[in-house]
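Structural features, examined
The residues making up each chain are set out below.
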Amino acid sequence: MELGLKGRGALVTGGSQGIGRACAGLLAAEGVHVAIVARDEARLQAVAEALSSNSAGRVVPITGDMSKAADVTRAVATATDALGKIDILVNNAGSAPLGLIGDIDDDTWQSCFDLKLMGYIRCARGVMGPMRERNWGRIINVIGNGGHFPKATYIAGGAINAAILNITQALAEECGPDNVLVNGINPSATATDRWDSLVRQRSRLTGETVDQIMAASAAKVPLGRIGLPEDIANMVVFLCSERASFVNGALIEVDGGASRAL
């Protein structure tokens, strides 16, 4: 299927591992030129070289901390200079620890807020103007199903995700008239380093073993397994494509059927 993406420019945050890396790799395979942003310079460089060597599109590494406004501004400017334009933004950098409200101090709340909520907002704000002027753009927010399904033990992540769900649909309303489509993807458990970290946190909190948590997580999914980064990335690439030209403001669960709600 021709996706109509060849020659586009994309910025993927959190692009050095997990879902972000998978998104960058699949976009580059479609001939998109991709700038990946993360904090670890050595890993970024290695990933960019690996993805570029096997793809039609080139991959450019940009070191930056998406919790810092100055780094977001610099990353957007550097990506624009390197690629010529940014047609696609995949907001993916961000995380929050497990814990009840009494377990999470103000500094942790603030760091989660700065990285994911403000990082997503600042990146979108930095790219949407030129996208609207060109009358073409895609903004994909990788969010998480904690925003739809509050849990006491994931209160920080769930609260921030809920805010991004709201922001995604509000931006879709604002930018849609200029053919800039804004959509959100909600993964559940996905096999990444971040998921492994959350499993270890839960093990410490509950006393369950890692194997018990892994097995229980897979059992909740009708397909019998947790997601892979490529499962999420496939949906991202579709939403970026011309084949999704009438999809705007959607909040899509990519979780193997684990989340069931009307």
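It should be noted that the structure appears before, not after, this text.
The following paragraphs examine the structure supplied in this document.

Thresholds applied
Residues numbered from 1 in each chain as written. Predicted model: local features only at pLDDT ≥ 70, side-chain atom pairs only at ≥ 80, totals over all residues. Heavy atoms only, no water. Salt bridge = Lys/Arg side-chain N within 4 Å of Asp/Glu carboxyl O. Helix = DSSP H or I, 4+ residues; strand = E, 2+ residues; numbered from the N terminus. Buried < 20%, exposed > 50% of the residue type's maximum accessible area, 1.4 Å probe, protein only. Phe/Tyr/Trp six-rings, centres within 6.5 Å; stacked < 30°, edge-to-face > 60°. Lys NZ or Arg CZ within 6 Å of the ring centre and 35° of its normal. Contact = heavy atoms within 4.5 Å. Pairing = 2+ DSSP bridges. Axes fitted to C-alpha atoms, helices over the stretch in contact; angles between N-to-C directions. Right-handed = clockwise from strand over helix to strand, strands pointing away. Left-handed = near helix turned anticlockwise from the far one by under 90°. Nonpolar A, V, L, I, M, F, W, Y, C, P; charged D, E, K, R; others polar.

Attention now goes to the pattern of salt bridges. Evaluated as defined, the whole model comprises ten salt bridges. Here R8 makes a salt bridge to D87, at a shortest N to O gap of 3.6 Å. With R8 in the segment before strand 1 (9-13) and D87 in the loop between helix 3 (69-83) and strand 4 (88-91), this residue pair connects regions lying 79 residues apart in the sequence. For R132, the salt bridge is made with E174, and the minimal N-O distance between the two is 3.1 Å. Of this pair, R132 sits in helix 4 (residues 106-134) while E174 sits in helix 5 (residues 155-175), and the two are 42 residues apart along the sequence. Relative accessible area serves as the criterion here: at 25%, R132 is assigned to the partly exposed category. Among the residues examined, E174 registers a relative accessible area of 40% and is labelled partly exposed. The network of salt bridges with shared partners includes R8, K85, D87, R134, R138 and E242.

Let us look at the packing of aromatic side chains. Counting across every chain of the model gives zero aromatic pairs. Looking at R8, its charged tip hangs above the ring of W136, at a distance of 3.7 Å from the centre. Lying over the aromatic face of W136, R138 brings its terminal NZ or CZ to 4.1 Å of the ring centre.

Tracing the backbone shows N92 in the loop between strand 4 and helix 4. The buried category is assigned to N92, whose relative accessible area is 13%. For N92, the contacting residues outside a window of four places in its chain are T13, G14, I19, G20, Y120 and V142.

Taking strand neighbours across the sheet as the criterion, the seven strands line up as 3-2-1-4-5-6-7 in an open arrangement whose pairing is parallel. Edge positions in the sheet fall to strand 3 (59-63) and strand 7 (251-254), since each of these pairs with one other strand and no more. Ignoring which end each strand starts from, the neighbouring axes of this sheet average 20 degrees apart. Judged from the four bridges that link them, strand 4 and strand 5 (residues 137-142) form a sheet pairing that is parallel. Bridge pairing links L89 to I139 in strand 5.

Time to look at the pairing of strand 1. Buried residues dominate strand 1, accounting for five of its five residues. Pairing of strand 1 with strand 2 (residues 33-38), which is carried by five bridges, proceeds in the parallel orientation. Directly across from L11, in strand 2, lies its bridge partner A35. For the crossover from strand 1 across helix 1 (residues 18-29) to strand 2, the handedness is right-handed. For strand 1 and strand 4, the ladder comprises three bridges, and the chain directions are parallel. Bridge assignment links L11 to a residue of strand 4, and that residue is L89.

A word on the environment of R58. Inspection of the secondary structure puts R58 in the loop between helix 2 (41-53) and strand 3. Residues R58 and V34, 24 residues apart in the sequence, show an inter-C-alpha distance of 6.3 Å. For R58, the residues in contact, after removing those within four places along its chain, are V32, H33, V34, S52, A82 and L83.

With that settled, the discussion passes to the environment of G184. You can see G184 is positioned in strand 6 (residues 180-187). When the C-alpha positions of G184 and A250 are compared, they lie 6.1 Å apart, and in sequence the two are 66 residues distant. Filtering out sequence-adjacent residues up to four positions away, G184 remains in contact with N141, I143, T168, A250, L251 and I252.

This part covers the packing of helix 6 (residues 193-206) against helix 7 (residues 210-219). Relative orientation of the contacting elements helix 6 and helix 7 amounts to 120 degrees, with a least axis distance of 9 Å. In this structure, helix 6 crosses over helix 7, and the sense of that crossing is right-handed. Contacts from W195, D196, V199, R202 and S203 in helix 6 reach V210, I213, M214 and S217 in helix 7. Along the lines of polarity and charge, the residues of the contact of helix 6 with helix 7 split into five nonpolar, two polar and two charged.

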